[in-house]
Amino acid sequence: MKPFAYVRAGSVTEALTAHGGRPGSRYLGGGTNLVDLMKLGVERPETLVDLTRLPLDDVEETADGGLRIGSGVRNSDLAAHPLVRTRYPAVTQALLAGASGQLRNIATTGGNLLQRTRCAYFQDPAKPCNKREPGTGCGARDGIHRDHAVLGHSAHCIATHPSDLAVALAALDAHVELQGPGGIRTVPVTGLHRLPDAEPQRDTVVAPGEILTAVLLPPETAGLPSRYRKARDRASYAFALASAAAVLDTDGGRVRHVALAFGGLAHRPWRATTAEELLLGTEPTEDAVRRAVDAELARAEPLRDNAFKVPLARNLARDLLNALAAGPRT
Ligand code: SF4
């Protein structure tokens, strides 16, 4: 075990100073991912800055009718929050589809969004992995990659992003607030995570030392019908083989607002903009939904062992959109 310094920050400013943007510094939330990676020897921090005592554990209604969710809010608390359950049901459904009750009790909102891939090669320091150690190669590409990406992957990395919550937030047009030494900025959740390209070691656009302080859910999608569905290998808990979050609202029988995002298919939540463009303003018949989802997934590039993900994702998305188009369950 490599010794490390531990700092319990009392304020965001204190946390930023303790971290200092140094490569060996890490922020600690619930620890459900980082501590595992430390035990595996994948993460070997010099300084851990504990954020769990910061005043970032509230869900507040904003003046414009949206929600501001502190990044320290535990996954269980967020899933159960009445305003989340009623206004953004896909968020609750995504959280409850992720992890176990015990993990949700400790895992934080910010940590959930910033968790690392569960690619087995990334988690084993004895294996080649461009994400863990740039330039060593990608063990998964010609190895075990049944769980890996079918969209947006590169020659350097084929990993998927594991968060369910991020997929629902992407469909609901949420933003995140990032605070760094230079001030505060907001980034759409759809732009938070990167595709791997030639730099798979960079999961997100978060700058060194920045803290994800809040998630902002907008008033525009509050109360719109939304749902999340996930396919996984076992019922107890597992990461998504494929998942989908959808928001669909109609006016006069035509689609007034639609959003579709996939999980388990790419290095980031995959917002299905082609499908959305095809559906917007149309009558959401089963045929229209099928054509839109097929057009989106036509760009998939499955690997040797994960072609099954394409029809799986197609069926999840079609089921979700058709159910939303049919209206509330009676
Ligand atoms: Fe590493 Fe990405 Fe390849 Fe997995 S898929 S071994 S994370 S480079």
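As the structure is a computational prediction, the values presented were derived from the model and not from experiment.

Parameters at a glance
Residues numbered from 1 in each chain as written. Predicted model: local features only at pLDDT ≥ 70, side-chain atom pairs only at ≥ 80, totals over all residues. Heavy atoms only, no water. Pairing = 2+ DSSP bridges. Helix = DSSP H or I, 4+ residues; strand = E, 2+ residues; numbered from the N terminus. Axes fitted to C-alpha atoms, helices over the stretch in contact; angles between N-to-C directions. Buried < 20%, exposed > 50% of the residue type's maximum accessible area, 1.4 Å probe, protein only. Core = buried A, V, L, I, M, F, W, Y, C linked by side-chain atoms within 4.5 Å. Contact = heavy atoms within 4.5 Å. Phe/Tyr/Trp six-rings, centres within 6.5 Å; stacked < 30°, edge-to-face > 60°. Lys NZ or Arg CZ within 6 Å of the ring centre and 35° of its normal. Near = heavy atom within 4 Å. Nonpolar A, V, L, I, M, F, W, Y, C, P; charged D, E, K, R; others polar. Domains from an automatic or database assignment.

A.B. asks: Which parts of the structure should I look at to understand the sheet that holds strand S2 (residues 25–28)?
C.D. replies: Note on sheets: strands pair through backbone hydrogen bonds, and any given pair is parallel or antiparallel. Taken in spatial order, the three strands of this open sheet run S1-S3-S2, and their pairing is parallel. The outermost strands of the open sheet, each flanked by one partner alone, are strand S1 (5–8) and S2. Sheet twist, expressed as the mean angle between neighbouring strand axes with direction ignored, is 20°. Relative to strand S3 (residues 47–50), S1 is paired through four bridges, and the arrangement is parallel. The partner of Ala 5 across the bridge, within S3, is Thr 47.

A.B. asks: In this structure, what is going on with the pairing of S3? I would like to understand it.
C.D. replies: Taken residue by residue, a regular strand's side chains alternate between the two faces of the sheet. By the alternation rule, side chains of S3 split into Thr 47 and Val 49 and Leu 48 and Asp 50, which are all buried. Relative to S3, S2 runs parallel, the two being bridged by four bridges. Directly across from Leu 28, in S3, lies its bridge partner Asp 50.

A.B. asks: Help me out: how do you make sense of the nonpolar core in this one?
C.D. replies: With 37 residues, the main nonpolar core has Leu 78, Val 91, Leu 113, Leu 169, Val 176 and Leu 217 as its most contacted residues. Those elements that place two or more of their residues in this core are strand S5 (67–70), helix H3 (75–80), helix H5 (89–96), helix H8 (165–171), strand S6 (175–180), strand S8 (211–217), strand S10 (242–251) and strand S11 (254–263). Ignoring anything within four residues of it in the chain, the contact list for Leu 217 reads Gly 66, Leu 67, Ile 69, Tyr 88, Val 91, Leu 169, Leu 172 and Ala 174. Grouped together as the second largest cluster of nonpolar side chains are 31 residues, Leu 195, Ala 242, Ala 275 and Leu 321 included.

A.B. asks: I tried to follow the packing of aromatic side chains on my own but got confused; where do I start?
C.D. replies: Two measures describe an aromatic ring pair: the distance that separates the ring centres and the angle between the ring planes. All told, the structure shown has zero aromatic pairs when counted by the stated rule. Sitting over the face of the ring of Tyr 237, Arg 234 holds its NZ or CZ atom 5.0 Å from the ring centroid.

A.B. asks: Sorry if this is basic, but what is going on with the site of the ligand here?
C.D. replies: Inspection of the region around the ligand gives 15 residues, with Cys 119, Cys 129, Cys 138, Cys 157 and Ile 158 positioned closest. When grouped by side-chain class, the residues that make up the shell around the ligand number ten nonpolar, four polar and one charged.

A.B. asks: Looking at this structure, how should I read H5?
C.D. replies: Owing to its 3.6 residues per turn, the α-helix brings residues three or four apart onto one side. Among the eight residues of H5, six are classified as buried, and the element is accordingly described as predominantly covered. When we look at burial in H5, the residues that qualify are Pro 89, Ala 90, Val 91, Thr 92, Ala 94 and Leu 95.

A.B. asks: Help me understand the domain arrangement of the protein in this model?
C.D. replies: Size of an interface: often given as the accessible area lost when the parts come together. One can read the domain layout of the protein as domain 1 (5–50) and domain 2 (226–326). Just the C-alpha atoms count here: the centres of domain 1 and domain 2 sit 36 Å apart.

A.B. asks: So what exactly am I meant to see when it comes to the pairing of S6 here?
C.D. replies: Two strands pair when backbone bridges link them, and S6 and strand S7 (residues 183–188) are joined in this way by six bridges, in the antiparallel orientation. Bridging from a neighbouring strand, Leu 178 pairs with Arg 185 of S7. The hairpin turn running from S6 into S7, its antiparallel successor, is two residues long. In the sheet, S6 pairs with S8 via five bridges, with the strands oriented antiparallel. If you follow Gln 179 over to S8, its bridge partner there is Ile 211.

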